Amino acid sequence: MVAKTIPVDPFDLIIIGATGDLARRKILPGLFRRMCAGQMPETAKVIGASRGDLDDAGFRDFVKDALKEFAGDTAKDAKSVAQFLEMLEYVSLDVFGDTGWKELKSKLRPDTIHAVYFSVGPSLFGEIARKLSGHGITDEHSRIVVEKPFGHDLETAKALNTELRACFDEHQIYRIDHYLGKETVQNLMAVRFGNALFEPLWNAQHVDHVQITVAETVSVEGRGGYYDKSGAMRDMVQNHLMQLLCLSAMEPPSKYGADAVRDEKLKVIRALEPVAPSEVVRGQYSAGRDMASYLEHAEDPDSKTESFIAMKVKVANWRWASTPFYLRTGKRLRGRMSEIAIVFKDPPHSIFEGDFNRKGNVLVIRLQPDEGITMRVTIKEPGPGGMRLTEVPLDMSFADALGDQVSVMPDAYERLIMDVIRGDQTLFMRGDEVEAAWAWVDPIIEAWQDAGSRPVPYDPGGSGPDDSLMLLHKDGRRWREIKS
Ligand code: NAP
């Protein structure tokens, strides 16, 4: 079952790199589910392109297999699958060659929304942009979607922006960070700005600190070569964790709209203080539990790339002065968990005996697993026996609260592709945001490189290096548990 929604306007979507992993696992199954939900108009067309020597029938076979593998139960409906396959066409082309582009152009229909998804490595982005506009495939109304990684540092991100902006206006460029497409991330904005309860407390006067954790159990096995050039800072902090930090820390935008929201996020990034080396912990997983170490996966026995990072970040503005944000992400940890925890200050005075109610409330926004929101509050322990206090969660699991609607919620990619067609850039990163994030991240990485520092080893299956625990202990705080 898939969520029913209002259809978007008719569109032609070109996917360059349509036979790749991302297209197979996310983009094509996502489009299929949107079709089943009635959101994709019957007249929509999806044109795949890559160097593969396929015709339309060959591409449809490829997509049929992809749906079987990645579209879940929805793909059991043969009629829907057949209907989706009818929407597909294919053009064989090499981004660096000159053939195929004319054919691609001939497949586009006038008076229809045109979007091009660059589902290829970023080294191809500039060339694709030039070919699309040079061959008149795109015009000022077209939209392009580009994938992460958006640059390796500030210089490469700027170069990429320059290449894209030579052919497209900023309002045509959709830079995907799929974290922004997650239901809970948008709920963070709904909770903050749709309730009068939280916003008055959402500041340094009431919030002790904020913890943002993205923990993974997987290793880098199979993608060690790519990951080793990147590391946790570039692969996770510069984009995903930065976006979560921005949405947690930003001022209320004047309205829920692309520029209003992105202006406020940009202000947060620009307000970030430089991070002292003593406030960053880098780790690298060791061998254990019958699995190889990071160094074996990376195939460089001398690699200094981190698979874990924890850091204390300060947002230098009135709202957050004196409230630190602790960020943490890593591979091969005890559990798979992504959450933002807003830890409120302790009550200023205890009227009860003992120290029962000196625990601050915690608002947890869970991205995975089990998307939802929990608030920990202190109550009286039931029964006679005096005034004994205990902590309980006020829990809103989306699955419990919204029932069937959750199991049919579109995944991040589905939602974001439909936003592209609708022309809504709110959940996409703007060029200046990406550059500001790199401008903050680059000096931190350069300082490690200058010092030749090495990440500390950590045991797989735990919560990362002990030094990361110390990062909070020395401030009199502790990380929330990473559960298996
Ligand atoms: P991939 O599996 O290597 O697929 C690349 C696609 O591009 C293939 O269809 C390939 O087909 C095509 N291609 C490569 N060179 C080409 C050329 N010169 N001309 C035309 N087509 C060409 O890569 P991917 O994993 O799908 O990733 C695509 C992008 O998404 C990357 O930027 C990646 O970082 C990003 N991304 C991927 C994931 C994921 O889950 N996979 C997640 C987040 C972001 P041919 O070789 O047949 O041409």
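Attention in this report is confined to the structure presented alongside it. By convention here, each chain's residues receive numbers from 1 onward along its written sequence. Note on the predicted model: pLDDT of at least 70 is required for a residue's local features to be given, and 80 or more for side-chain atom pairs to be given and counted; whole-chain, interface and lining totals, by contrast, use all residues. The side-chain numbers reported here are obtained from all heavy atoms of the structure, hydrogens and water having been left aside.

## Considering the side chain of Gln-368
Thought 1: Secondary structure is summarised from DSSP: a helix means a run of H or I of at least four residues, a strand means a run of E of at least two, and numbering begins at the N terminus for each. Residue position: Gln-368 is located in strand β12 (residues 362-368).
Thought 2: N or O atoms closer than or at 3.5 Å make up a polar contact, with two conditions inside protein: a donor-capable atom paired with an acceptor-capable one, and, for residues adjacent in sequence, both atoms drawn from side chains. Reaching out from Gln-368, the side chain makes a polar contact with the side chain of Arg-336 at a distance of 3.1 Å.
Thought 3: Those residues within four positions of Gln-368 in sequence are excluded, and the remaining contacts are Lys-182, Arg-336, Met-337 and Ser-338. Only heavy atoms matter for contacts: two residues are in contact if any of them lie within 4.5 Å across the pair.

## Examining the site of the ligand
Thought 1: Near is defined per residue: the residue qualifies when any heavy atom it owns lies within 4 Å of the molecule or strand. In the neighbourhood of the ligand, 23 residues make up the surrounding shell, with Thr-19, Asp-21, Leu-22, Arg-25 and Arg-51 lying closest.
Thought 2: Between Asp-21 and the ligand, the recorded distance is 2.8 Å, taken from a side-chain N or O atom to a nitrogen atom.
Thought 3: Between Gly-52 and the ligand, the recorded distance is 3.4 Å, taken from a backbone N or O atom to an oxygen atom.
Thought 4: Areas reported here follow the Shrake-Rupley algorithm with a probe of radius 1.4 Å; residue values treat only the protein chains shown as occluding. Against a free-state accessible area of 880 Å², the protein chains account for coverage of 72% of the ligand.
Thought 5: Of the residues assigned to the shell around the ligand, the class counts are 10 nonpolar, 7 polar and 6 charged. Amino acids are sorted into nonpolar (Ala, Val, Leu, Ile, Met, Phe, Trp, Tyr, Cys and Pro), charged (Asp, Glu, Lys and Arg) and polar (every other residue, Gly among them).

## Some points on the packing of aromatic side chains
Thought 1: Pairing of aromatic rings covers Phe, Tyr and the six-membered ring of Trp, with a centre-to-centre limit of 6.5 Å; geometry is then stacked below 30 degrees between planes, edge-to-face above 60, and tilted otherwise. The final tally for this structure, using the stated rule, is 11 aromatic pairs.
Thought 2: Between the aromatic rings of Phe-59 and Tyr-90, the centroid separation amounts to 5.3 Å while the plane-to-plane angle is 35°, which identifies the pairing as tilted. On the criterion of sequence distance, the pair formed by Phe-59 in helix α2 (residues 56-70) and Tyr-90 in strand β3 (residues 88-92) is long-range, its members being 31 residues apart.
Thought 3: Grouping aromatic residues by their ring pairs yields a cluster made of Tyr-227, Tyr-285, Tyr-294, Phe-308 and Tyr-458.
Thought 4: Each ring is checked for a lysine NZ or an arginine CZ that lies within 6 Å of its centre and within 35 degrees of its normal; such an atom marks a charge sitting over the ring. One Lys or Arg, Arg-175, reaches over the ring of Phe-150 and ends 5.0 Å from the middle of that ring.
Thought 5: Between the NZ or CZ atom of Arg-282 and the centre of the ring of Trp-448, over which it lies, the distance is 4.1 Å.

## Remarks on helix α1 (residues 21-36)
Thought 1: A rise of 1.5 Å per residue sets the reference length of α1, with its 16 residues, at 22 Å; its end C-alpha atoms lie 22 Å apart and thus fit the reference within 8%.
Thought 2: Where α1 bends most, at Ile-27, the angle is about 25°, and the proline Pro-29 comes one to four residues later.
Thought 3: Among the 16 residues of α1, 12 are classified as buried, and the element is accordingly described as predominantly covered.
Thought 4: Between buried and exposed lies partly exposed: a residue is buried under 20% and exposed over 50% of the maximum accessible area for its type, with that area taken using a 1.4 Å probe on protein chains only. Among all positions of α1, only Leu-22, Ala-23, Ile-27, Leu-28, Pro-29, Gly-30, Leu-31, Phe-32, Arg-33, Arg-34, Met-35 and Cys-36 are buried.
Thought 5: Looking at the buried positions of α1, the neighbouring elements they touch are β1 (11-16), β2 (45-50), α2, α3 (78-86), β4 (113-118) and α14 (412-422). The span expected for a helix works out to 1.5 Å for each residue beyond the first. Working definition for bend: take the seven residues up to and ending at a residue and the seven starting at it, fit an axis to each, and measure the angle between the axes.

## A look at the pattern of salt bridges
Thought 1: Just to be clear on terms, a salt bridge is a Lys or Arg side-chain nitrogen sitting within 4 Å of an Asp or Glu carboxyl oxygen. Per the counting criterion, the structure on display carries 36 salt bridges.
Thought 2: Of the charged contacts in the structure, one is a salt bridge between Glu-183 and Arg-415, with a shortest N-O distance of 2.4 Å. Here Glu-183 is found in helix α7 (residues 183-194), whereas its partner Arg-415 is found in helix α14, with 232 residues between them in sequence.
Thought 3: Two residues, Glu-199 and Arg-192, come together in a salt bridge whose shortest N-O distance is 3.3 Å. The burial state of Glu-199 is the same as that of Arg-192; both residues are buried.
Thought 4: The network of salt bridges with common partners includes Asp-259, Arg-262, Asp-263, Arg-430 and Asp-432.

Note that all results are geometric; they support no functional claim without further evidence.
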